[in-house]
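Structure at a glance
What follows is each chain in one-letter form.
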Number of protein chains: 2
Amino acid sequence: MTETIRVQDIGEQGLLQKLQRFCPPDVIGDDAALLSIAAGHSLVVTTDTLIDGVHFSDRTTSPTDAGWRAVAANLSDLASMGAEPIAITVGLSLPGTVPVNWVEQLYQGMSRCLHPFHTPIVGGDVCRSPVISVAITALGQVKPAEAIRRSIAQPGDAILITGYHGASRAGLELLLNPDLHSAIDKTALARLITAHQRPIPRLDVVALLKDLRKQDPDLRIAGMDSSDGLADAIVQICRASGVGARLNRSQIPVPPEFSNWVSNPQAIEWILYGGEDFELVLCLPIEIAETLMAQLGKGAAIVGQIVAGRSVLFQDEDAVTELSLSKGFQHFSAD
Amino acid sequence: MTETIRVQDIGEQGLLQKLQRFCPPDVIGDDAALLSIAAGHSLVVTTDTLIDGVHFSDRTTSPTDAGWRAVAANLSDLASMGAEPIAITVGLSLPGTVPVNWVEQLYQGMSRCLHPFHTPIVGGDVCRSPVISVAITALGQVKPAEAIRRSIAQPGDAILITGYHGASRAGLELLLNPDLHSAIDKTALARLITAHQRPIPRLDVVALLKDLRKQDPDLRIAGMDSSDGLADAIVQICRASGVGARLNRSQIPVPPEFSNWVSNPQAIEWILYGGEDFELVLCLPIEIAETLMAQLGKGAAIVGQIVAGRSVLFQDEDAVTELSLSKGFQHFSAD
């Protein structure tokens, strides 16, 4: 049996040395990292903190998955703005009793999520804390006129989602309740769990939008990501733009992995309020939305449209309900 | 008596609304902030996390001071690189039981430290955690050829410190031991406590260096800040540059507030290893160092020079000792 080496055994410098192999060698060694921005581009910056026991837990998240998801959430915020990633920084706080191996796996998860986007970790900070927290700041670039914004949706815009919603929430349910596994096909099970553990930020959509802009440089795209749920994203966009929306239940794709084990009301609940699918919710002219949808995968769909007024209405088979933020923002409540 | 309003009473959205008045209105509302960088400049990014009970505590730090110091440490990292500040982001984690007023005071402290440098808070993130932590990322800009680096010191360079060292450590001692106050002049007491609670990042030095570069565009300046202590800064610069240094005790200014109550060995200990003075330690040609020193305040001094070899030697009245990092980096030890 090998002895577990803990952070307190090697100290801050020892840990930083181990973590340096996850960073490009040329940016290490000074108090801050030096990065270039493309000419004509603005800097986009976003920050997000994950706390052990709040945003991830041993029951559902390995350190590799925690690292992946922390990075995915931040890169998704860049995609939200239509920005390309430049780099991330990591501020890691942890008790000295955490195994060094745990930290290395965390960084491995971050690196793997960053890899397809050629985005480096350019430094950070390690400090002692009674609780593990991972504070990530992601830096990106976008031409200011091409930034996706919440506040520029207009009546008549189509509402396009770039993929399935509810899959991450379903994956979480399956991780929490292994009893459910017997009811589900193995491939479906694996897919839903992956959707929860390894969400993929939609930076590919940013690249597609860049191509679309070549034909229409003045293209206006409103939107944000659906990290806090589809309903939340649509309500936030409508509030920021001073408009309303109409969504149609029949146009919203249900993940095919839901068949047989998820009831209809449960599916809608997870799709609208589940969160953490990290898709983009875009409001743009219908013909552009259709072109884009054709380039995206199966879960992409035009799910409704922006209308005048302030109501965000959800048309189900037999009823119309108004969507609100009420379920999305209770991070500080006791539940 | 008014009832204390706690974060859990107003929720994440309520808290964010209160904090928005500390941010410029034009950058709020999207998932990420959009910022411009001056032409020909690189982006400089640095991140730092402060943890309740580790980096600050109720005994010695009000929320206003905690906010000030968190910002000062990050701005000092920008000054370390010779960069001008652009903006900061704040990732705040805290238990729902924290009074809203506490958070507002924290932001007030951050704002006050940022104010003279016209640097906005451009967003951030608030989340629930069992422990308060404040993760700040500071963004700055510098022309790449003008960046101050640890790795470019050369034998013959003068080692210039931009101000007194040891004052912050003395201030901490006074906060922890009120018994000592009777031995000290009131003005001196207030100054040392302020040095600890409200350190000022030396961005003014960055402006002076910019002027000096007008006469000598190729000016090479090595250096870093002394946040982890003067000895640490010199050893780090020497290691990164592959050089040695000779320091002379008699050239290092002792804060005048030390007279009467700090013994000579104690003074040297605090000056070399106290940390958190947030001065700059610069290595540059002697004639430029002298010009710069003349423009700086009383505590600025040329304290030694860079030499060939690897030894960092400290010449006291009667002995020469070798400086090392051993006292600086035990953040994870049990003490």
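All values derive from a computational prediction rather than experimental measurement.

1. Digging into the overall build of chain A
- Scanning chain A from N- to C-terminus turns up 9 helices and 12 strands.
- For chain A, whose C-alpha radius of gyration is 21 Å, the value lies close to the compact-globule estimate of 20 Å for 335 residues.
- Its C-alpha atoms put chain A at 60 × 55 × 35 Å along the principal axes.
- In chain A, buried positions account for 52% of the 335 residues.
- If you take every contact in chain A between residues at least 6 apart in sequence, the share linking residues at least 24 apart comes to 87%.

2. Things to note about the sheet that holds strand E2 (residues 42-51) of chain A
- The strand order across the open sheet built from 5 strands is E4(A)-E3(A)-E5(A)-E2(A)-E1(B), with neighbouring strands paired in mixed fashion. Pairing within the sheet leaves two strands with one partner each, and these edge strands are strand E4 (121-128) of chain A together with strand E1 (33-35) of chain B. Across the sheet, the mean angle separating the axes of adjacent strands is 20° when strand polarity is ignored.
- Where strand E3 (residues 84-94) of chain A meets E4 of chain A, 6 bridges bridge the pair, whose relative direction is parallel. Each residue of the ladder has a partner; that of Gly91 of chain A, found in E4 of chain A, is Asp125 of chain A.

3. As for the relation of the copies chain B and chain A
- For the match of chain B to chain A, the screw axis carries a shift of 0.0 Å, the RMSD comes to 0.0 Å, and the turn is 180°. The transformation relating the two chain copies, once decomposed into turn and shift, fits a two-fold axis.
- The share of interface residues of chain B whose copies in chain A are also at the interface is 100%, consistent with both copies meeting through the same surface.

4. Digging into the environment of Leu176 of chain B
All names here are of chain B.
- Mapped onto the fold, Leu176 is located in helix H4 (residues 167-176).
- Since 11 C-beta atoms lie within 10 Å of it, Leu176 is described here as exposed.
- Sequence separation between Leu176 and Gln105 is 71 residues; the distance between their C-alpha atoms is 22 Å.

5. Structural notes on the nonpolar core
- Counting residues in each nonpolar core, the largest one holds 204 residues, and the members touching the most others are Ile234 of chain A together with Ile234 of chain B.
- In contact with Ile234 of chain B, other than residues within four places in its own chain, are Ile159, Ala245, Leu247, Val281, Val312 and Leu323 of chain B.

6. Considering the sheet that holds strand E6 (residues 158-161) of chain B
Residues and elements named next belong to chain B.
- In space, the 7 strands of this open sheet follow the order E7-E9-E6-E10-E8-E11-E12, with mixed pairing throughout. The two strands at the open ends of the sheet, each matched to only one other strand, are strand E7 (222-225) and strand E12 (320-322). Strand after strand, the sheet turns through a mean of 20° between neighbouring axes, direction not considered.
- Where E7 and strand E9 (residues 280-284) come together, 4 bridges link them in antiparallel fashion. Bridging from a neighbouring strand, Asp225 pairs with Leu280 of E9.
- Contacting E7 and E9, helix H2 (residues 63-80) crosses the sheet at an angle of about 180° to E7.

7. Topic: helix H8 (residues 264-273) of chain B
Residues and elements named next belong to chain B.
- The set of residues buried in H8 consists of Ala267, Trp270, Ile271 and Leu272.
- The inward-facing, buried residues of H8 abut H4 and helix H7 (230-241).
- Just past H8, the residue Gly275 takes up positive phi, approximately 80°.

8. Brief notes about the interface of chain B and chain A
- With 58 residues of chain B in contact, the opposing surface of chain A contributes 58 residues.
- Every element with two or more residues in the side of chain B that touches chain A is listed here: helix H1 (7-19), E1, strand E2 (42-51), H2, strand E3 (84-94), strand E4 (121-128), strand E5 (133-142) and E7 of chain B.
- Looking at which element gives the most residues to the side of chain B that touches chain A, the answer is E2 of chain B, with 9 residues.
- For the side of chain B that touches chain A, the class distribution of residues is 26 nonpolar, 22 polar and 10 charged.

9. Description of the environment of Leu325 of chain A
All names here are of chain A.
- Among the secondary structure elements, Leu325 is positioned in the segment after strand E12 (320-322).
- Overall, the presence of 16 C-beta atoms within 10 Å leaves Leu325 in the partly exposed class.
- Non-local contacts of Leu325, meaning those with residues more than four positions away in its chain, are made with Asp232 and Val235.

10. Topic: the domain arrangement of chain A
Residues and elements named next belong to chain A.
- What the domain assignment lists for chain A is domain 1 (7-144) and domain 2 (148-322).
- Taken residue by residue, the interface counts 17 residues in domain 1 and 20 residues in domain 2.
- Going through the elements one at a time, helix H2 (63-80) and E3 are the ones with two or more residues in the side of domain 1 that touches domain 2.
- Per-element tally for the side of domain 1 that touches domain 2: the top contributor is H2, with 10 residues.
- By residue class, the composition of the side of domain 1 that touches domain 2 is 9 nonpolar, 4 polar and 4 charged.

11. A few points about helix H9 (residues 286-295) of chain A
All names here are of chain A.
- For H9, every residue scored as buried is listed here: Ile288, Ala289 and Leu292. Projected down its long axis, H9 carries its buried residues within an arc of 100°, all on one side. Seen from the open side of H9, the exposed residues pointing more than 90 degrees away from its buried face are Glu287, Glu290 and Ala294.
- Against the buried residues of H9 lie strand E6 (158-161), helix H6 (203-215), strand E9 (280-284) and strand E10 (301-307).

12. Focus: unusual backbone geometry
- For His118 of chain A, which is not glycine, the phi torsion reads 50° and is therefore positive.
- Looking at where His118 of chain A falls in the secondary structure, it is placed in the loop between helix H3 (100-114) and E4.
- A positive phi angle is found at Phe278 of chain B, which is not glycine, with a value near 55°.
- Here Phe278 of chain B shows up in the loop between H8 and E9.

Rules and cut-offs
Residues numbered from 1 in each chain as written. Chains lettered and ligands numbered in written order. Predicted model: local features only at pLDDT ≥ 70, side-chain atom pairs only at ≥ 80, totals over all residues. Helix = DSSP H or I, 4+ residues; strand = E, 2+ residues; numbered from the N terminus. Rg over C-alpha atoms; globule rule 2.2 N^0.38 Å. Buried ≥ 20, exposed ≤ 12 C-beta atoms within 10 Å, placed from the backbone. Contact = placed C-beta atoms within 7 Å. Pairing = 2+ DSSP bridges. Axes fitted to C-alpha atoms, helices over the stretch in contact; angles between N-to-C directions. Least-squares fit on C-alpha atoms with pLDDT ≥ 70 in both. Core = buried A, V, L, I, M, F, W, Y, C linked by C-beta atoms within 7 Å. Nonpolar A, V, L, I, M, F, W, Y, C, P; charged D, E, K, R; others polar. Domains from an automatic or database assignment. Arc of directions from axis to C-beta.

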